[in-house]
Amino acid sequence: MRTPINKDYIDPVGKSVPRIDGLGMVTGQTKYAFDVSFPNMLIGKMIRSPHPHAKILNIDTSAAEKLPGVRAIITAKDTHNIKFGSNEYFFPHTIDQMALEAEKVRYVGDELGAVAAIDEETAEQALRLIKVDYEILPAVVDMEEAIKPDAPQIHESLNNIAVILPVNFGNPDRALKEADYVREDVFFAPAAHQAALEPHVCVGQWEIFSNKVTLWASSQAPFKCREALAKTLKMDLNDVRVIKMSVGGGFGGKLEMLPMDFAACLLSKKAGGLPVKICYSREEEFLASRRKHGMKYTIKSGVKKDGTLVAITGEVLADGGAYCSYGPTVLAAAIMRIFMVYKIQHFRITGYRIYTNTPISGAMRGFGGVQAGFAIESHMDMLAEGIGMDPVEFRLKNITSPNMVTVNKMYLTTNGLKDCIEQATNAAQWTKKRGQQKNVCRGIGIGIAADVMGSKMYKSHESAGSIVKVEEDGSVYLFTGAADTGQGSNTALSQIAAHELGVSYSRIKCKSGDTEITPFDTGSFASRVTFISGNATILAARDAKNQVLDVVAQDLDLNSEELDIKAENVIRRADNSVVMTFDKALELCYAFKYGRQIIGRGSYNPKTTPIDFRTGEGNVSGSYGFEAQIAEVEVDKETGEVKLLKLWDAHDIGKAINPQSVEGQIEGSLAMGIGYTFLENLHFDKKGRPANGNFAHYRLPRTMGLPEMKSILIETNDPEGPFGAKGMGEASLLPTSAAIANAIYDAIGVRIKELPITPDKIIKALKEQQQTTKI
């Protein structure tokens with residue numbers, strides 16, 4: 001007799017289920033790194049340089065060592081003087097930073113030591129007692145000054161150029177000569193900061209009896225942090241444990257080991273194993289963590305009269321600050337993302353990442369794509385206007401399509417870019433509004449983008465692992481190395497595990513980001529977690545399911561391939577008839593006769609190839625996501641104030657595992673893009689110090705000032721993605737500034753090429769427009 005499948009069961013994939021960590025957050029019980037506390041825990045503080053550029057002649061810690069309450073002081077002489085960095089695999093020459101600098105400091109805030117004391121006041125007093133003798137060197141804080149032949153040399157690189165990245169395809173010079181219309185534009189995008197509400201915090205403890213070390217940290221990439229710690233501490237990987245606590249925002253800024261992480265561990269060792277906590281102040285966060293690269297983006301393109309884009313050339317200058325960090329990757333992304341978006345055969349852009357005596361530029365959400373998106377998408381509107389073509393029509397003619405190979409060997413399978421453009425423009429009533437609202441100073445603009453689902457640019461592999469353990473009581477434990485930094489990846493992965501295992505989402509418990517007990521994962525960046533870690537989770541859940549089915553089949557003398565688990569029941573595939581409940585199957589697995597523990601394992605490495613930086617070729621992602629964005633604005637020509645009326649965002653997400661989380665990611669990116677467009681500009685004084693390095697002076701958007709946002713989810717069901725899903729989140733940030741700038745041009749006819757867009761810049765542009773009209 002056929003028994004119906006459980007009608008009360010709700011398939012979690014595609015549903016906006018509650019976040020698996022939601023109750024902990026709203027009740028205040030979620031534990032962050034700052035909440036980690038141990039008896040006799042010490043407080044650590046970093047010894048920082050007050051100079052932008054100087055040789056270290058001597059460090060005298062004797063007075064501080066005598067201060068009551070000081071338990072440990074470390075400087076470079078206590079270290080192995082091993083350099084670390086983030087692009088070692090492809091760019092070994094960019095490994096340029098010491099955990100504690102021994103010979104030279106290169107920006108105000110550079111670390112040359114650390115202290116640990118019984119409380120914060122004692123640690124700060126000890127810092128004041130430490131005497132450092134310096135030989136002051138000339139400094140340079142402007143990147144265009146830094147590349148001049150007579151500029152002070154910050155490292156050994158010629159003209160302070162840390163990385164040169166030429167990307168060349170076809171014959172762009174000949175193609176430009178054959179073009180009907182050619183124009184060149186220069187755009188400026190400033191430095192910015194991640195401005196996560198939670199600053200960097202860590203607790204390090206050295207076990208004297210085992211000679212192992214544990215770091216509790218707010219980290220986006222605990223396994224990468226472990227790797228850097230092991231290298232700089234000169235330890236085996238298995239002797240270093242990094243435990244990722246809940247993260248109060250990262251946005252790229254918590255992807256790397258920082259000197260504070262190293263210092264907490266080494267101070268603990270020197271203090272006899274007492275744990276050491278180091279927490280950045282907000283000023284330290286702006287000064288000594290990481291920031292977005294400021295960029296000057298020069299782009300020259302040629303088109304035919306029919307709108308065909310024939311060639312692009314240009315140059316990118318990126319202000320890298322004092323050390324390389326993720327600089328090569330950011331530069332590559334700023335140049336090469338265009339191949340995902342536009343069909344282009346003739347191309348030459350060279351990028352230069354430049355050292356300056358300023359805080360270190362590193363990863364920030366978008367990895368160079370935000371700066372590039374502003375330049376390229378503004379430029380595309382200007383090209384369209386130059387040949388009298390509608391910007392949307394121009395883009396539709398030149399965008400990439402499904403199942404194509406780009407000139408640099410990216411394999412685009414599912415590609416919903418055309419649908420994104422059409423649905424976004426339809427929703428925003430593009431044809432009705434474009435160019436039709438100048439009398440009321442209203443305008444509408446577009447920007448489009450694409451992004452990766454991971455990026456094989458850091459290691460020889462980019463695999464992720466998951467373990468699914470099913471207990472006797474039916475509880476399902478998911479162990480993943482992926483780092484949930486607030487985006488909800490633990491929830492999405494739990495939904496994936498529940499769906500594949502065929503059980504209720506409420507059974508899943510998730511443990512993530514502990515290098516000693518969870519499988520390896522490269523981290524939370526490049527919109528990779530849902531796609532890569534999600535596939536690993538499917539494989540682990542499938543393995544666990546097959547183990548259960550093997551026992552059931554053996555006990556009932558059936559073929560396990562004829563069975564499946566759906567809606568909390570073991571069923572026959574042929575007719576969906578119920579064989580037994582999932583709970584009954586578990587009783588069987590753990591019965592005396594079998595005693596089978598159910599532990600499923602999964603590992604996924606995407607079918608990608610690293611970029612060959614000699615040729616620019618490489619399929620760095622297993623899939624690609626696409627997006628179109630429309631902005632509508634109203635401009636007050638008297639004051640220069642811009643009111644952002646509405647944003648429409650159409651995003652090819654493959655399949656929405658959790659639609660509410662997807663919309664949250666999109667809206668969060670849009671808010672970040674609005675801030676970068678109108679407010680954010682991390683600038684520096686003559687010594688290279690942040691001039692607005694605190695929340696009193698660094699302007700950020702607030703929820704009260706945000707416009708209405710409309711998210712449009714385009715589901716293309718990617719064959720490589722977990723249940724068709726792609727990664728997403730960063731792509732929504734990439735075209736925002738350009739869409740707004742293009743809308744402002746539609747409203748009042750002035751083009752702003754430098755971010756942030758301020759009333760002063762608009763008034764200045766309007767005055768220049770009036771003078772040009774008079775001439």
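Residues numbered from 1 in each chain as written. Predicted model: local features only at pLDDT ≥ 70, side-chain atom pairs only at ≥ 80, totals over all residues. Heavy atoms only, no water.

Student: I keep staring at the overall build of the chain and nothing clicks. Help me out?
Tutor: For the chain, the count of helices and strands is 20 helices and 30 strands. For a compact globule of 775 residues, the expected C-alpha radius of gyration is about 28 Å, and the chain comes in at 27 Å, within 12% of that figure. For the chain, the spread of C-alpha atoms along the three principal axes comes to 95 × 75 × 50 Å. Counting every position in the chain, which comprises 775 residues, the buried fraction comes to 62%. Within the chain, counting contacts between residues at least 6 apart in sequence, those at least 24 apart form 79% of the total. On the chain, roughly 29600 Å² of surface is accessible, and the fraction owed to carbon and sulfur atoms is 49%. Positive and negative charge centroids in the chain, built from 88 and 93 side chains respectively, lie 2 Å apart. (Helix = DSSP H or I, 4+ residues; strand = E, 2+ residues; numbered from the N terminus. Rg over C-alpha atoms; globule rule 2.2 N^0.38 Å. Buried < 20%, exposed > 50% of the residue type's maximum accessible area, 1.4 Å probe, protein only. Contact = heavy atoms within 4.5 Å. Areas by Shrake-Rupley, 256 points an atom, 1.4 Å probe, with all protein chains shown as cover. Lys, Arg positive; Asp, Glu negative; His and termini not counted. Charge placed at Lys NZ, Arg CZ, Asp CG, Glu CD.)

Student: What is the right way to read the sheet that holds strand 30 (residues 708-714) from this model?
Tutor: Strands in a sheet are paired, the pairing made by backbone hydrogen bonds, and the direction either parallel or antiparallel. With mixed pairing, the four strands of this open sheet are ordered in space as 20-28-29-30. A strand with exactly one partner marks an edge of an open sheet, and here the two such strands are strand 20 (442-452) and strand 30. The mean angle between the axes of side-by-side strands here comes to 15 degrees, regardless of whether they run parallel or antiparallel. Alignment of strand 29 (residues 642-652) against strand 30, held across seven bridges, turns out to be parallel. When the bridges of strand 30 are listed, D649 appears paired with S711. (Pairing = 2+ DSSP bridges. Axes fitted to C-alpha atoms, helices over the stretch in contact; angles between N-to-C directions.)

Student: Explain empty space enclosed by the protein here, please?
Tutor: The probe, sized like a water molecule, is rolled over the atoms to show the empty space still left. One pass over the full model with this rule turns up eight cavities of 30 Å³ or more. Taken as a whole, the second largest cavity holds about 140 Å³ of empty space. Along its surface, the second largest cavity is lined by 15 residues, and R337, V341, G373, I376 and I448 are the ones closest to its centre. Only helix 10 (338-341), helix 11 (369-386) and strand 20 provide two or more residues apiece to the lining of the second largest cavity. For the lining of the second largest cavity, the class distribution of residues is eleven nonpolar, two polar and two charged. (1 Å grid on protein atoms, 1.4 Å probe; cavity = no way out; pocket = protein on both sides within 12 Å on 5 of 7 lines; lining within 4 Å. Points joined across faces, edges and corners; volume = space filled by probe spheres on them. Nonpolar A, V, L, I, M, F, W, Y, C, P; charged D, E, K, R; others polar.)

Student: Even after reading the chapter, I still don't get the packing of helix 11 against helix 19 (residues 736-748), so can you show me in this structure?
Tutor: The angle between the axes and the distance between the axes are what describe a pair of packed helices. Helix 19 packs onto helix 11 with a crossing angle of 35 degrees between their chain directions and a minimal axis gap of 7 Å. In this structure, helix 11 meets helix 19 at a crossing whose hand is right-handed. Note on element contacts: helix 19 touches helix 11 through S737, A738, A741, N742 and Y745, opposite G373, F374, E377, S378, D381 and E385. When the residues that make up the contact of helix 11 with helix 19 are grouped by side-chain class, the tally is four nonpolar, four polar and three charged. (Left-handed = near helix turned anticlockwise from the far one by under 90°.)

Student: Would you mind going over the environment of I338 with me for this structure?
Tutor: Among the secondary structure elements, I338 is positioned in helix 10. For I338, a relative accessible area of 6% translates into the label buried. Between the alpha carbons of I338 and R183 there is a distance of 18 Å; along the sequence they are 155 residues apart. Ignoring any residue separated from it by four or fewer positions in sequence, one finds I338 in contact with I312, F347, I376 and M380.

Student: Would you explain the side chain of E377 in this entry?
Tutor: Within the element layout of this structure, E377 appears in helix 11. E377 sits in the buried class, given a relative accessible area of 2%. Residues contacting E377, with those up to four places away along its chain left out, are Y342, R395, G447, I448, A738 and N742.

Student: Honestly, unusual backbone geometry in this entry has me stumped. Any pointers?
Tutor: Excluding glycine, residues mostly carry a negative phi; peptide bonds, for their part, are mostly trans. Omega for the bond connecting L755 with P756 falls within 30 degrees of zero, at -5 degrees, which places this linkage in the cis form. Inspection of the secondary structure puts P756 in the loop between helix 19 and helix 20 (759-774). Look at A195: it is not a glycine, yet its phi comes out positive at around 55 degrees. Although it is not a glycine, K409 adopts a positive phi angle of roughly 70 degrees. Mapped onto the elements, K409 comes out in the loop between strand 18 (404-405) and strand 19 (411-412).

Student: What should I look at first to understand the pattern of salt bridges in this one?
Tutor: Following the criterion strictly, the structure yields 45 salt bridges and no others. With a closest N to O distance of 3.1 Å, E88 and K231 form a salt bridge. You can see E88 sitting in the loop between strand 4 (83-84) and strand 5 (97-98) and its partner K231 sitting in helix 6 (residues 222-233), a full 143 residues away along the chain. By relative accessible area, which is 39% here, E88 ends up partly exposed. Take K231: its relative accessible area is 28%, and that puts it in the partly exposed class. (Salt bridge = Lys/Arg side-chain N within 4 Å of Asp/Glu carboxyl O.)

Student: What's the story with the domain arrangement of the chain in this structure? I'm lost.
Tutor: Interfaces are often described in size by the accessible area the parts lose on coming together. According to the domain assignment, the chain contains domain 1 (7-30 + 463-604) and domain 2 (399-439 + 620-775). Taking the mean C-alpha position of each, domain 1 and domain 2 sit 37 Å from one another. Each partner contributes residues to the interface: domain 1 has 22 residues there, and domain 2 has 20 residues. There are zero salt bridges connecting domain 1 and domain 2. Between domain 1 and domain 2 we count nine residue pairs in polar contact (both at pLDDT 80 or more) in total. When residues of the side of domain 1 that touches domain 2 are traced back to their parent elements, those giving at least two are helix 15 (489-501) and helix 16 (529-556). (Domains from an automatic or database assignment. Polar contact = N/O pair within 3.5 Å; in protein donor to acceptor, adjacent residues only side chain to side chain.)

Student: What is the right way to look at helix 7 (residues 259-270) in this model?
Tutor: Every α-helix carries 3.6 residues per turn, so stepping three or four residues along brings you back to the same face. In a regular helix each residue adds 1.5 Å, so twelve residues correspond to 16 Å; helix 7 covers 16 Å between its end C-alpha atoms and thus fits that length. For helix 7, the buried fraction is high: ten of the twelve residues fall into the buried class. Just downstream of helix 7 lies G272, where phi reads positive at about 75 degrees. (Expected span 1.5 Å × (residues − 1).)

Student: Looking at this structure, I do not really get the side chain of D239. What am I missing?
Tutor: Counting through the fold element by element, D239 comes out in the loop between helix 6 and strand 13 (240-244). Buried within the structure, D239 lacks any salt-bridge partner; its nearest side chain of opposite charge belongs to K212, at an N-O separation of 4.3 Å. Leave out the neighbours within four places in its chain, and D239 touches N211, K212 and V213.

Student: What am I meant to see in the sheet that holds strand 14 (residues 276-279) here?
Tutor: Pairing within the open sheet is mixed, and its seven strands lie in the order 3-7-1-14-11-12-13. Whereas interior strands pair on both sides, the edge strands pair on one side only; in this sheet they are strand 3 (70-75) and strand 13. Averaged over all adjacent pairs, the angle separating strand axes in this sheet is 25 degrees, with direction ignored. Here strand 1 (residues 42-48) pairs with strand 7 (residues 111-117) via six bridges, running antiparallel. Across the sheet, the residue bridging to M46 is A114, located in strand 7. Packing of helix 6 onto the sheet brings it into contact with strand 11 (201-207), strand 12 (212-217) and strand 13, and relative to strand 13 it is tilted by some 150 degrees.

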